[in-house]
Each structure stands twice: as structure tokens, then as C-alpha cells.
Amino acid sequence: MNQYSFNKICKKVKPKEKHLNKILLSFVSGGVLAVLLQGISSLLFYEFAFSEEDANLITTFGFIATVILFTGLGLYDVGAQYLGAGLFIPISGFANSLSSSALEAKNEGLIYGIGSNMFKLAGSVLTYGFVTAYILAIITYIIQGR
């Protein structure tokens, strides 16, 4: 059997991936998560008389803490397997990457383990984010003529 025949047989036998289902599940799960967080923020604002800014900050920090807790317990990865990219909205994906990197390096100690390895995965995201923000700030400064 040659390589071409083997690949042809594999293509026939391989189960088809359901991309549309994954896309829809990611979209719905991300939307449900956003609505849930907005509901918590609105509850804090309207029912508990927090300012809108404070309600948003409390909701954001609570969500980050929940993601870190779920990552530590191993539940975040299980949820991400089923719900896909809907859970990896920027803030939760970033919190997961930092906390999972810290958990992997905890045996090496606080400084050389957690401190130096925590930003390995997220370091490129931070670097490109800072560079992009700096370039956009310069462009805005030039356009506005200040």
C-alpha cells in the first residue's frame, strides 16, 4: 500500500468534525457568560448602591478570582473542552494562563518558580499589547496635533 492509498483510506474512515456546532457553542457560551457578568454588575449597581465603576471593578475582580480558583481545581480546562473559545474571552484566558503557569512552576519555589515562570505564557501577549498601545498613542497624538 502506498502513501496515497493510505491517506485516502484514512480520510474515509476519519470522523468528520462538526465545526459549526463548536462555533455556535462557543458563541452561545461566551454570550451567556457576558450576560451573567453584566447581570452581576447591574445587581451590584441597582440593588447594592455601588457606583457603576465600582460594580464593574468588583465584577471583573470576582470573575478573575473565580477563573483562578477554577484553574487551580482543574475545572477551567474541563469547561474549556466543552464550551470552547467562549470561555477564553481575553480576561479569563489571561487569568488562566497566568495561574496555570504559576501552578506548573510552584515546585521550583516562589521566586525562581512562580515569579519567573508565571509570565512566560502571557509575556508575549503583554509585550505586543504594550507596543500596540504605544504606537496607537503616538498616532493619536499626531492626528490630534497636540
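All values reported here derive from a predicted model rather than from experimental measurement.

### Comments concerning the overall build of the protein chain
Thought 1: The helix and strand tally for the protein chain stands at seven helices and zero strands.
Thought 2: From first element to last, N terminus to C terminus, the protein chain shows the α and β order α-α-α-α-α-α-α.
Thought 3: Taking 2.2 N^0.38 as the reference for a compact globule, 146 residues should give roughly 15 Å; the C-alpha atoms of the protein chain span a radius of gyration of 21 Å, well beyond that estimate.
Thought 4: Counting only C-alpha atoms, the protein chain reaches 70 × 45 × 40 Å along its principal axes.
Thought 5: For the protein chain, the proportion of contacts with a sequence separation of at least 24, taken over those separated by at least 6, is 46%.
Thought 6: Approximately 11,300 Å² of the protein chain is accessible, and the part contributed by carbon and sulfur atoms is 70%.
Thought 7: Taken as two groups, the 10 positive and 8 negative side-chain charges of the protein chain have centres that lie 26 Å from each other.

### Description of the nonpolar core
Across soluble globular proteins, you tend to see nonpolar side chains buried next to one another.
Thought 1: Within the largest apolar cluster, eight residues are counted, these being Leu-33, Leu-37, Phe-63, Val-67, Tyr-76, Ala-80, Leu-87 and Ala-95.
Thought 2: At the level of elements, helix 2 (19-46), helix 3 (52-73) and helix 4 (75-83) are the ones that each hand at least two residues to this core.
Thought 3: With residues near it in sequence (within four places) discarded, Tyr-76 still touches Val-67, Phe-70, Thr-71, Leu-87, Phe-88, Ser-92, Gly-93 and Asn-96.

### Thoughts on the environment of Glu-52
Thought 1: Locating Glu-52 in the fold gives a position in helix 3.
Thought 2: Distance from Glu-52 to Ser-42, taken between C-alpha atoms, is 8.1 Å for residues ten residues apart in sequence.

### Details of the packing of aromatic side chains
Thought 1: Per the stated rule, a full pass over the model turns up one aromatic pair.
Thought 2: For the ring pair Phe-45 and Tyr-46, a centre distance of 4.7 Å and an interplane angle of 75 degrees mean the geometry is edge-to-face.

### Brief notes about the side chain of Ser-29
Thought 1: In this fold, Ser-29 is placed in helix 2.
Thought 2: Among the polar contacts listed, one links the side chain of Ser-29 to the backbone oxygen of Ser-26, at a separation of 3.2 Å.
Thought 3: What Ser-29 contacts, discounting residues up to four positions off in sequence, is Leu-83 and Gly-86.

### Focus: helix 3
Thought 1: For helix 3, with 22 residues, the first-to-last C-alpha span of 31 Å sits near the 32 Å given by 1.5 Å per residue.
Thought 2: Listed as buried for helix 3 are Ala-55, Thr-59, Phe-63, Val-67 and Thr-71. Within helix 3, the buried residues cover an arc of 135 degrees as seen down the axis, which keeps them to one side. Seen from the open side of helix 3, the exposed residues pointing more than 90 degrees away from its buried face are Glu-53, Phe-61 and Leu-73.
Thought 3: Positive phi appears at Gly-74, one or two residues downstream of helix 3, with a value of about 80 degrees.

Definitions and limits used
Residues numbered from 1 in each chain as written. Predicted model: local features only at pLDDT ≥ 70, side-chain atom pairs only at ≥ 80, totals over all residues. Heavy atoms only, no water. Helix = DSSP H or I, 4+ residues; strand = E, 2+ residues; numbered from the N terminus. Rg over C-alpha atoms; globule rule 2.2 N^0.38 Å. Contact = heavy atoms within 4.5 Å. Areas by Shrake-Rupley, 256 points an atom, 1.4 Å probe, with all protein chains shown as cover. Lys, Arg positive; Asp, Glu negative; His and termini not counted. Charge placed at Lys NZ, Arg CZ, Asp CG, Glu CD. Core = buried A, V, L, I, M, F, W, Y, C linked by side-chain atoms within 4.5 Å. Buried < 20%, exposed > 50% of the residue type's maximum accessible area, 1.4 Å probe, protein only. Phe/Tyr/Trp six-rings, centres within 6.5 Å; stacked < 30°, edge-to-face > 60°. Polar contact = N/O pair within 3.5 Å; in protein donor to acceptor, adjacent residues only side chain to side chain. Expected span 1.5 Å × (residues − 1). Arc of directions from axis to C-beta.

It is worth stressing that arrangement in space is one thing and function is another; only the former is reported here.
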